[in-house]
Amino acid sequence: MLNTSRRTLLKWALGASQLALLEKAGLLGSGTAHAADADVPSRLVVLYVPGGFRPAYYFTPMEDAEIPLCVPPPAGFSSEPVFFDASKVVDLAAPNGPYKPLRTWQSWDPANPAARGSFSPLMYGYQHYALHEQLSVLHGIDQGTNDHASAFISAMCGVAGADYRAPAVHSVIANHLYERHRESRPLPFVVVAGERGMPSGMGLPSHAGPVGVPSIDALKPMLSGKAADNAWWNGLEARTEGPELNAKGEPTGAQLKTTTVERYSLGQARPRLGRSTAKVDNYLEGLHGSLNSVSRVLATDVVSVLEKTKGIDALKTNRPSYLSSYLSESFTYTFGNANFHLVGLDPRMDMALRLLKSDLATSVHVSLRLDFDTHNGGGHAYSCAHGRGLMDCVARFLGEMKATPAPGKPGKTLLDDTLVLVMSEFGRSWASRSNDGSYSLPDDHHPYTSVVFAGGNVAHNRQVGTYTTRGLGTPVDIIEETGQTQKRVPRSADVVTTALRIMGMQTHQFFIPGGYGEVVGLREG
């Protein structure tokens, strides 16, 4: 379906006011993705941490003198060490420019990172895989709300609220790169798991909407070309390749493999156009475009491709030695005397890696499964211990990508060709030291948070922004949509903008209500 058809469909479905926003956003058509020819990523992965996390316990941006004011003294939690003082915070590498380098609590034994007991290997993965080479963190982001649902929407699209007022960043990227990859990526936007909600495409064309792909088995009834999985298609699955046509019968410039049933169905819109109102024509064109997309997915035999692709591979064949005291699974960790096991993360991480390695998807959303919405006196210790464990799983995921060649890009790794965002809907309330030396440990929703940027076109080894000792964000340099630079506290809209700029999009190609800008220092160059 031509871009003008998508425009008229949206005009009818959304109304003129929303259309004006999307038209300014450059989202009414997929575009030609000229920026994709440059050295920018062609994939997006969002790793979402449910419930609100405390990123300063993982990557610490505060000055050394500030750390004891908002980080409790060393203690234990479920036989796992938690909390730290400034003397235990180390840089992962030398500073890169005027920014703080990536700093973390060295909870591991430098002489033996696998050691347990009074030590913890968690977070060592960032050093093991030298991830500072392609990773930076933005701190102190104001999400604009401390309500879970509203903050989730804010994290996904840049605008807090009860409903999406802009498409999720995943949808924007899937839409932007669709024309370039439509022949090879039949699943532009995939959600592997999302316990707290589904990122929304907000009325964008069907290829920019999320498709749930929890497992290969779940796909078999819909997307398997094997007779054993779908015997009722026997004799009907033969496909013939030919030019893809829009609803009016005009070539789109692409090729499409269709079955007899699909060719018949795709030919039904043309004779009905012009018989009724323009709204009916727009609806017919929308149906035609959706059927085109579905046909392309079915023709790929997604299930067979995924079954042939190895997901978790390097982590199994070359298991990091620092994980020697953990379970055999790749994405898990154990506390103390095996009294906690993170289970259930391996299948979804494996699925995400298969989707990326097979080059079937452009945008992938994964929930990391452990909920940090604790609301209890042990919330800080839980966030410190389990948060570091979960972030180490993120390091292993990035390490697997770093060890995998990028499909179709010789000399590049999968991490080179992907932008990975690690985020939660918001943060959680900060610890504070009283005059008598005791610590207050409130555990509630907090609107300020951090986002990890990793992968291609990401500046290396930087922490941009920081927090006050009360957990509030501080001003950073931001290039506004007007082109002017000013200092202010970053907002979720700036996170989305910065991600889109790293992916090669120009500011005139998208729009976020309420204003937006690119945070300086996170994009390479």
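In this report, the structure presented in the accompanying data block is examined.

What counts and what doesn't
Residues numbered from 1 in each chain as written. Predicted model: local features only at pLDDT ≥ 70, side-chain atom pairs only at ≥ 80, totals over all residues. Heavy atoms only, no water. Phe/Tyr/Trp six-rings, centres within 6.5 Å; stacked < 30°, edge-to-face > 60°. Buried < 20%, exposed > 50% of the residue type's maximum accessible area, 1.4 Å probe, protein only. Pairing = 2+ DSSP bridges. Helix = DSSP H or I, 4+ residues; strand = E, 2+ residues; numbered from the N terminus. Core = buried A, V, L, I, M, F, W, Y, C linked by side-chain atoms within 4.5 Å. Contact = heavy atoms within 4.5 Å. Axes fitted to C-alpha atoms, helices over the stretch in contact; angles between N-to-C directions. Polar contact = N/O pair within 3.5 Å; in protein donor to acceptor, adjacent residues only side chain to side chain. Parallel < 35°, antiparallel > 145°, perpendicular 65-115°, else oblique. Left-handed = near helix turned anticlockwise from the far one by under 90°.

## Overview of the packing of aromatic side chains
(1) Moving on: If you walk through the whole model with that rule in mind, you get 15 aromatic pairs.
(2) Moving on: Between Tyr333 and Phe335, the ring centres sit 5.4 Å apart and the planes meet at 40 degrees, which makes this aromatic pair tilted.
(3) Moving on: The buried category is assigned to Tyr333, whose relative accessible area is 0%.
(4) Moving on: Put simply, the rings of Phe77, Phe372 and Tyr382 pair up and form one aromatic cluster.

## Quick word on the pairing of strand S22 (residues 485–488)
(1) Moving on: Sheet topology places strand S21 (residues 476–480) next to S22; four bridges connect them, and they run antiparallel. Its bridge partner lying in S22, Ile478 is registered against Gln486.
(2) Moving on: Here S21 folds back onto S22, and the loop between the two strands holds four residues, one of which, Gly483, carries a positive phi near 95 degrees.

## Digging into unusual backbone geometry
(1) Moving on: Look at Ser79: it is not a glycine, yet its phi comes out positive at around 65 degrees.
(2) Moving on: Considering the arrangement of structural elements, one finds Ser79 in the loop between strand S2 (75–77) and strand S3 (80–82).
(3) Moving on: Despite not being glycine, Ala130 shows a phi value in the positive range, around 50 degrees.
(4) Moving on: Its location among the elements puts Ala130 in the loop between helix H4 (125–128) and strand S6 (135–142).

## Some details on the nonpolar core
Across soluble globular proteins, nonpolar side chains have a tendency to be buried as a group.
(1) Moving on: Among the nonpolar cores identified, the biggest contains 84 residues, and Phe59, Tyr126, Leu135 and Phe397 are the most heavily contacted of them.
(2) Moving on: Counting residues per element, this core draws most heavily on helix H14 (residues 379–402), which supplies 12 residues.
(3) Moving on: In contact with Phe397, other than residues within four places in its own chain, are Val45, Leu47, Phe331, Met349, Ala352, Leu353 and Leu356.
(4) Moving on: Counting residues in hydrophobic clusters, the runner-up holds 43 residues, among them Met423, Phe453, Phe510 and Leu522.

## Examining the sheet that holds S21
Strand-to-strand pairing in sheets goes through backbone hydrogen bonds, with the strands running parallel or antiparallel.
(1) Moving on: The three strands lie next to each other as S22-S21-S23, forming an open sheet whose pairing is antiparallel. Each having just a single partner strand, S22 and strand S23 (517–519) make up the two edges of the open sheet. Between one strand axis and the next, the sheet turns by 40 degrees as a mean value, whatever way the strands run.
(2) Moving on: Contacts from helix H15 (residues 492–502) reach S21, S22 and S23, with the element oriented near 75 degrees to S23.

## Considerations on helix H5 (residues 148–157)
(1) Moving on: A large share of H5 lies buried, amounting to nine of its 10 residues.
(2) Moving on: Of all the residues in H5, the buried ones are His148, Ser150, Ala151, Phe152, Ile153, Ser154, Ala155, Met156 and Cys157.
(3) Moving on: Elements in contact with the buried residues of H5: strand S1 (43–49), helix H6 (169–176), strand S13 (361–367), strand S14 (418–424), strand S18 (445–446) and H15.
(4) Moving on: For H5, the capping residue at the N-terminal end is Asp147, with a side-chain oxygen 3.2 Å from the backbone nitrogen of Ala149.
(5) Moving on: At the C-terminal side of H5, Gly158 shows a positive phi close to 100 degrees.

## What about the environment of Thr404?
(1) Moving on: Position of Thr404 relative to the elements: it lies in the loop between H14 and S14.
(2) Moving on: Among residues more than four places away in sequence, those in contact with Thr404 are Lys357, Lys412, Thr413 and Leu414.

## Some thoughts on the packing of H6 against H15
(1) Moving on: Two numbers describe how H6 lies on H15: the axes approach to 10 Å, and their chain directions differ by 25 degrees. With respect to each other, H6 and H15 are oriented roughly parallel. Of the two possible hands of crossing, H6 and H15 adopt the one that is right-handed. Contacts between H6 and H15 involve Val169, Val172 and Ile173 on the former and, on the latter, Val496, Ala499 and Leu500.

As far as function goes, none of this settles anything; it's purely spatial.
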